[in-house]
There are 2 protein chains.
Amino acid sequence: MNANPVFSLHIPTRILFGCGEIKKLATEKLPGKKAMIVISSGTSMRKYGYLDKVTSLLTENDVDSIVYDQILPNPTKRHVMEAAAICRERGCDFIIGLGGGSSIDSAKAIAVMACNTGDYWDYIPAGSGKGRAVTKALPIVAIPTTAGTGTEADPWTVITNEDVHEKIGFGNQHTFPTLSIIDPELMVSIPPHLTAYQGFDAFFHAAEGFIANCATPISDLYALEAIRLLYKYLPVAVKDGKNLKARAKVAWASTLAGLVESTSSCTSEHSMEHAMSAFHPELPHGAGLIAISEVYFETFRNDCMKRYMKMAEAMTQQKSNRPSDFIDALVRMQKACDVYGLQLSQFGVKEKDLPQMVQNARETMGALFTLDPRPLTDAEVLEIYQKSFK
Amino acid sequence: MNANPVFSLHIPTRILFGCGEIKKLATEKLPGKKAMIVISSGTSMRKYGYLDKVTSLLTENDVDSIVYDQILPNPTKRHVMEAAAICRERGCDFIIGLGGGSSIDSAKAIAVMACNTGDYWDYIPAGSGKGRAVTKALPIVAIPTTAGTGTEADPWTVITNEDVHEKIGFGNQHTFPTLSIIDPELMVSIPPHLTAYQGFDAFFHAAEGFIANCATPISDLYALEAIRLLYKYLPVAVKDGKNLKARAKVAWASTLAGLVESTSSCTSEHSMEHAMSAFHPELPHGAGLIAISEVYFETFRNDCMKRYMKMAEAMTQQKSNRPSDFIDALVRMQKACDVYGLQLSQFGVKEKDLPQMVQNARETMGALFTLDPRPLTDAEVLEIYQKSFK
């Protein structure tokens, strides 16, 4: 946010975007001959035929594949370690993440553990992790079937270590996907409430990345366009999941927000949500973010007023004179997506756990607090949780 | 420009941007141990100390270097071949282009010929070139000291074959720079008229890329931001070359316009200018573009009206209702930069040569005509030249 900022841009991922682009899997040069396809433990990848489509396109491309299908919505270290062992045993030379952020993030972590020794948490540079250096990983191909995480355009993987209640993001240049194929046609089957949760995850990647103190001219460009598109098209995609134009706009916004995560950073809103999910793995990430968002952004309203007004202008396409215009637009957008007023108590969070969550957020994802518009005290973090509780 | 467009994004270059960033040359991991530094035959790289700075930073980084200093403003195949031979003979393992587009483009072409056999024109896929496949090149580092070509963020290299009067752009994934360092402090010494010529080159990369029929959502984002920044800051940089904020904004706009060239394409305006420069190597590229620009953009005024209005809005930051608002803003910007009314006749072009230039533009860079908003007839191309002649 300096007048003459210093920044860098390096996104080595080859991104293919568009309806029907999944078919390119049959013709693109892929980074190996035997893939492990990582999917969730749910039914949708098989039910909607996405897994069959991917395996048959790989066969056309003369690539062999096996499937690992145990990934949970908040993916765990245990499954990463199990899949990596299978990967080595079966001689896979690249990993395909197919599905939502949980599957693609797991694919990245599996790619790391398939060619590094020890335990995944040995490499995590926060919480109880040991911070060993990761100097290699198998090549990764990302095929998202949801629009939200942006993981197809960033190096980050978020894994939960259940033993220690830690949900921590990690990544480096080796965990950028080599190739990402974003095909909005694979997203039409997402139900309305998940469309909204995921879309708001993307929205907050962009909004946090825009108010982060490490924002740059390139991340600003991606962020404001993602914010503009999501405000306009997310409510349409929530109401009519078959609207391919809206699905495509939301998918592109989500990828743009992933580019924001590669060029700026999330702020402490994400640390706070990770702490919530670490204790309540059944809480959808996007829902957790929505639940604390109004209070969270209210907290920084007077700390980067121009940036709030710019976000409001991107959303409403009208001149803004007050930072609260952004909060108002955020609330309108949540109402239009039928997710306004989510409360932590709805997801099994107990009021007595809140202080522990403050501590967890600091310990596991404390780095993001240093990127906030101004430093928050523990009392302020607790207050955000409390005001969002009910 | 489709409602549900299909497109790709892959820019493998690591871009470092900002005042003082040149010092990173001493600490970044570089792609080799012995560099050939390619500079122009002019005096500025030595006079302003840029060459000394680069060689001493390389020494700090334990990298050896030699200098090739013969590059002309419209760089020639002869020098590419000569430098590549020296490069092989002296065992250089990467190429640094330091200076304007001519030096960096030459560095790319030298990187190709340092590890491919035969003649550079054997690999050119247009004009009298033979179109042989290029499957490798030495790594390239780009250090621009001008703001205009965008070559630091695209794979393109434009070289003139004087024997056959052909100036042709060429490039592929191997000619993307590995690393580009854009330091606006290296640009403060550019005189006003060259600042304007170069800045308008960047402007037309963005404007052509925005009206090209292969424009995509990502190229549009880069293009409109480049157009916005150049309209606002190029006149400032022209009037006060020491204004580092304006220099930085113009440099960033030029890099953004390079990203446009990597994600969309120039249109026939560039083909037409290349034909002019092929016959008149003393004609600065940017000046040639400026000379034909008003008539050129007038020609397509009714073919992509919404896009003209969007460009006008990016420039004036006011609602536009007529495509001619863009032409008006373009003229205002050229007047503000003291380059309005340039005529081909000023640069030694003869009226009798114009039909030959039409033919040359088609033969050497005909592909860009297929990306125009609508197909131009030869009569229309000739008319653009004629109306711009005097």
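It should be emphasised that the depicted structure is a prediction, and the values quoted were computed from it without experimental measurement.

What counts and how
Residues numbered from 1 in each chain as written. Chains lettered and ligands numbered in written order. Predicted model: local features only at pLDDT ≥ 70, side-chain atom pairs only at ≥ 80, totals over all residues. Heavy atoms only, no water. Helix = DSSP H or I, 4+ residues; strand = E, 2+ residues; numbered from the N terminus. Rg over C-alpha atoms; globule rule 2.2 N^0.38 Å. Contact = heavy atoms within 4.5 Å. Lys, Arg positive; Asp, Glu negative; His and termini not counted. Charge placed at Lys NZ, Arg CZ, Asp CG, Glu CD. Least-squares fit on C-alpha atoms with pLDDT ≥ 70 in both. UniProt positions renumbered as here; feature names shortened; annotations may be inferred. Pairing = 2+ DSSP bridges. Axes fitted to C-alpha atoms, helices over the stretch in contact; angles between N-to-C directions.

## A look at the overall build of chain A
Piece 1. When its secondary structure is counted, chain A shows 13 helices and eight strands.
Piece 2. Relative to the globule expectation of 21 Å for 390 residues, the C-alpha radius of gyration of chain A, 20 Å, shows essentially globular dimensions.
Piece 3. Taking the principal axes of its C-alpha atoms as reference, chain A extends roughly 60 × 45 × 45 Å.
Piece 4. Across chain A, contacts joining residues at least 24 apart in sequence account for 79% of those joining residues at least 6 apart.
Piece 5. Computing the positive centroid from 39 side-chain charges and the negative centroid from 43, chain A places the two 4 Å apart.

## A word on the relation of the copies chain A and chain B
Piece 1. If you rotate chain A by 180° and push it 0.0 Å along the axis, it lands on chain B with an RMSD of 0.0 Å. This pairing of chains is accounted for by a two-fold axis. No C-alpha of chain A lies nearer the rotation axis than that of Pro12 of chain A, which sits 2.4 Å from it.
Piece 2. Counting the interface residues of chain A, we find that 100% of their copies in chain B are interface residues as well, pointing to one common contact surface.

## Points about the UniProt feature "domain: Alcohol dehydrogenase iron-type/glycerol dehydrogenase GldA" (unreviewed entry) in chain A
Piece 1. When the UniProt feature table is mapped to this numbering, "domain: Alcohol dehydrogenase iron-type/glycerol dehydrogenase GldA" (unreviewed entry) covers residues 12-184 of chain A.
Piece 2. When the span residues 12-184 of chain A is considered, its composition is 24% helix and 27% strand, and the gap between its end C-alpha atoms is 22 Å.

## Considering the sheet that holds strand β8 (residues 179-182) of chain A
Piece 1. Taking strand neighbours across the sheet as the criterion, the 12 strands line up as β3(A)-β2(A)-β4(A)-β5(A)-β8(A)-β1(A)-β1(B)-β8(B)-β5(B)-β4(B)-β2(B)-β3(B) in an open arrangement whose pairing is mixed. Edge positions in the open sheet fall to β3 (64-71) of chain A together with β3 (64-71) of chain B, since each of these has one partner strand only. The average angle at which neighbouring strand axes cross in this sheet is 25°, direction not considered.
Piece 2. For strand β2 (residues 34-40) of chain A and β3 of chain A, the ladder comprises six bridges, and the chain directions are parallel. Paired with Val38 of chain A across the two strands is Tyr68 of chain A, which belongs to β3 of chain A.
Piece 3. Packing against the sheet, helix α2 (residues 50-60) of chain A makes contact with β2, β3, β4 (94-99) and β5 (140-144) of chain A, and its axis sits at approximately 170° to β2 of chain A.

## Observations concerning the UniProt feature "domain: Fe-containing alcohol dehydrogenase-like C-terminal" (unreviewed entry) in chain A
Piece 1. Mapped onto the present numbering, the UniProt feature "domain: Fe-containing alcohol dehydrogenase-like C-terminal" (unreviewed entry) falls on residues 195-388 of chain A.
Piece 2. Overall, residues 195-388 of chain A shows 69% helix and 0% strand. The separation of its end C-alpha atoms is 22 Å.

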